[in-house]
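# Observations on the model geometry
Take a look at the letters that make up each chain.
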Amino acid sequence: MAQIKPSLAKGTRDFSPAEMEKRNYIFDTIKDVFRRYGYQEIQTPSFENLQTLTGKYGEEGDKLIFKILNSGDFLSKVSEDKLMERNSNALTPLISEKALRYDLTVPFARYVVMHQNDIALPFKRFQVQPVWRADRPQKGRYREFYQCDVDVVGSESLLNEAEFVLIYKEALGKLGLKDFTIKLNNRKILAGIAALIGKPELLIEMTVAIDKLDKIGLEGVNKELLERGFTPADLEKLYPVITLSGNITEKVSSLKKTLAPTEIGLQGIAEIEEVLAYVQAMDSGAGHLVELDITLARGLNYYTGCIFEVKTNEVQMGSIGGGGRYDDLTGMFGLKGLTGVGISFGADRIYDVLEELQLFPKSAQQGTKVLISNFDTTAQQYALPIVQQLRQAGISSELYPNASKLKKQMSYADAKGIPYVILIGEQEMTGGLLTLKDMATGDQQSLELSAIVERLR
RNA sequence: GUGGUUUUAGCUCAGUUGGUUAGAGCGCCUGAUUGUGGUUCAGGAGGUCGUGGGUUCGAGCCCCAUAUUCCACCCCA
């Protein structure tokens, strides 16, 4: 067989042992918080029927879905005309019926509809799995990455939203992040603003434009709004909203006045206030993390109420989490009137942030505690029951599998960061005591196995 | 999808106007030490210069294509 140069597919990475230790530390920390808030884990398949995924993420999102070619001679069933048209978009559904999941929320909605008779509402689930996006990779952006989602369906209470704020606070705090902001907004406020101008149909255009405020400034936003179908008179009305400033209470009271003519806008503000009140009642220290940011839009089309986004202020990085309420996601699968709300942690970005800030604890690297040397076949035979006894005593142990030079075995222990080595040779086997070497200090002493177990446990 | 950028030893990187045999540090292997790693010393291996074309007497260096890395858009975790 012809040799091929080994390489990774664009936007993917291998995770070596040291990286997996750190990744698992992140996953374990986040999952632990999820469980303590009463969420249970599920998993769904890596790929779904293409139909399940398309049309949920907006036009841009749909383009980023990785499609899977049908099996067999998939072109034989396609008509000559379709092939000659050379129209990829028209051809795709004919040759692809499956796709890699793009996020965890839509598969979850599908899951809820399919298992509606088995689950008790409100249903609180979490899910930690990889998702795939055919995006162009760059810093903090991969084509395969893990999301840690928590969602609850079947409860319209804003207590859920408030708990998500606390989950963010707790999980990110446990991971060592000190300075981060949980941005909060509500789609109803955005709808209210659009209604105020009298152009509810331009809601999406409006949010996309004002979302860029911190990037392109007020003038840039105005320019973009004009390009997207708004008039100078509209900009006049938008001005006080876009340039909203002050602390969260000031923003709320200012918005109340501006949005007074629109019922939906007032409703959005009321929801924000309620969430904040819950947060305050549960943890008075969490309120300062929350910021009302009415320029926060979030692309995913299915959000209808509160929306979240989390940014770290310690390093330059895109959002490390986001989420929101969706009132009718299950409706697309035939189950109407079921509301849901959830958030997501971007594990890979959090990893990059922790790495940059050097926040991984030493204990995130727990490997083999003791290596037993291998002198020759006799010593190996002698060591077999010993290594098992150590393992049964809960001590991570390994017996070097070959009678290589001791120098090589010691180097192995050193390279792998194994803190202790047990030497078993002629002397030890006749004397009945084992030699325990502490790799950090270089000290050696002769001990009985029971004493070694005591010491290493 | 658009524009730019990167690619040379296992890793991080030098490499002059296009000119003999492509370098360094770290790592790796061997020995000093046949029962001892991490330090020290001596020696050694390892490269189709991302890939495919082209220009040239001659290409790591110039041109074209392509892949890849990172960055800015777009969008997002």
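These numbers come from a predicted model, not from an experiment.

What counts, and where the lines are drawn
Residues numbered from 1 in each chain as written. Chains lettered and ligands numbered in written order. Predicted model: local features only at pLDDT ≥ 70, side-chain atom pairs only at ≥ 80, totals over all residues. Heavy atoms only, no water. Pairing = 2+ DSSP bridges. Helix = DSSP H or I, 4+ residues; strand = E, 2+ residues; numbered from the N terminus. Contact = heavy atoms within 4.5 Å. Axes fitted to C-alpha atoms, helices over the stretch in contact; angles between N-to-C directions. Core = buried A, V, L, I, M, F, W, Y, C linked by side-chain atoms within 4.5 Å. Buried < 20%, exposed > 50% of the residue type's maximum accessible area, 1.4 Å probe, protein only. Salt bridge = Lys/Arg side-chain N within 4 Å of Asp/Glu carboxyl O. Expected span 1.5 Å × (residues − 1). Bend = angle between axes of the 7 residues up to and from the residue.

## Some thoughts on the sheet that holds strand β6 (residues 144-153)
- Read across the sheet, eight strands follow the order β1-β5-β6-β11-β10-β9-β7-β8 without closing on themselves; strand pairing throughout is mixed. The outermost strands of the open sheet, each flanked by one partner alone, are β1 (40-41) and β8 (290-292).
- Running over the sheet, helix α1 (residues 17-36) touches β1, β5 (123-132), β6 and β11 (340-346) and is turned about 5 degrees from β6.

## Some remarks on the nonpolar core
- If you look at the biggest cluster of nonpolar residues, it comprises 72 residues, and the most contacted ones within it are Leu 225 and Phe 345.
- Tallying contributions element by element places helix α7 (residues 159-174) first for this core, with eight residues.
- In contact with Leu 225, other than residues within four places in its own chain, are Met 206, Ala 209, Ile 210, Phe 230, Leu 235, Leu 238 and Ile 242.
- Listed in part, the 25 residues of the second largest apolar core include Ile 42, Leu 50, Phe 108 and Leu 338.

## Overview of the pairing of strand β9 (residues 306-312)
- Where burial is concerned, most of β9 is hidden: six out of the seven residues are buried.
- Pairing between β9 and strand β10 (residues 321-326): four bridges, direction antiparallel. Among the inter-strand pairings, Phe 308 is bridged to a residue of β10, identified as Gly 323.

## A closer look at the pattern of salt bridges
- Here the structure, examined in full by the defined rule, presents 23 salt bridges.
- A salt bridge links Lys 31 to Glu 41; the nearest nitrogen and oxygen atoms lie 3.6 Å apart. Residue Lys 31 is located in helix α1, and its partner Glu 41 is located in strand β1; the two are separated by 10 residues in the primary sequence.
- Close ionic contact of Glu 273 with Lys 256 constitutes a salt bridge, the shortest N to O distance being 3.1 Å. Of the two residues, Glu 273 is situated in helix α13 (residues 263-282) and Lys 256 in helix α12 (residues 248-258); the sequence distance between them amounts to 17 residues.
- Owing to a relative accessible area of 33%, Glu 273 belongs among the partly exposed residues under this scheme.
- Among the charged side chains, a salt-bridge network with shared partners connects Arg 13, Arg 23 and Asp 348.

## Some thoughts on helix α14 (residues 347-357)
- Among the residues of α14, those classed as buried are Ala 347, Asp 348, Ile 350, Tyr 351, Asp 352, Val 353 and Leu 354.
- Following α14 by one or two positions, Gln 358 has its phi on the positive side, about 55 degrees.

## Section: the sheet that holds strand β4 (residues 96-100)
- Spatial strand order, β2-β4-β3: three strands in an open sheet with antiparallel pairing. Edge positions in the open sheet fall to β2 (47-49) and β3 (67-69), since each of these has one partner strand only. The mean inter-strand angle of the sheet, taken between neighbouring strand axes irrespective of direction, is 40 degrees.
- Sheet strands touched by helix α5 (residues 88-95): β3 and β4. Its angle to β4, the strand with the most contacts, is close to 95 degrees.

## What to know about helix α10 (residues 213-227)
- The end-to-end C-alpha separation of α10 is 15 Å, well short of the 21 Å expected for 15 residues at 1.5 Å each.
- Along α10, the sharpest kink reaches roughly 75 degrees, centred on Glu 219.
- Where α10 is concerned, the buried positions are Gly 220, Val 221, Glu 224 and Leu 225.
- For α10, the elements touching its buried residues are α9 (203-210) and α11 (232-242).
- Looking one or two residues past α10, Gly 229 carries a phi angle of roughly 110 degrees, positive in sign.

## Thoughts on the pairing of strand β7 (residues 180-186)
- With respect to burial, β7 is a largely interior element, seven of its seven residues being buried.
- With burial as the criterion, each face of β7 is covered, one bearing Phe 180, Ile 182, Leu 184 and Asn 186 and the other bearing Thr 181, Lys 183 and Asn 185.

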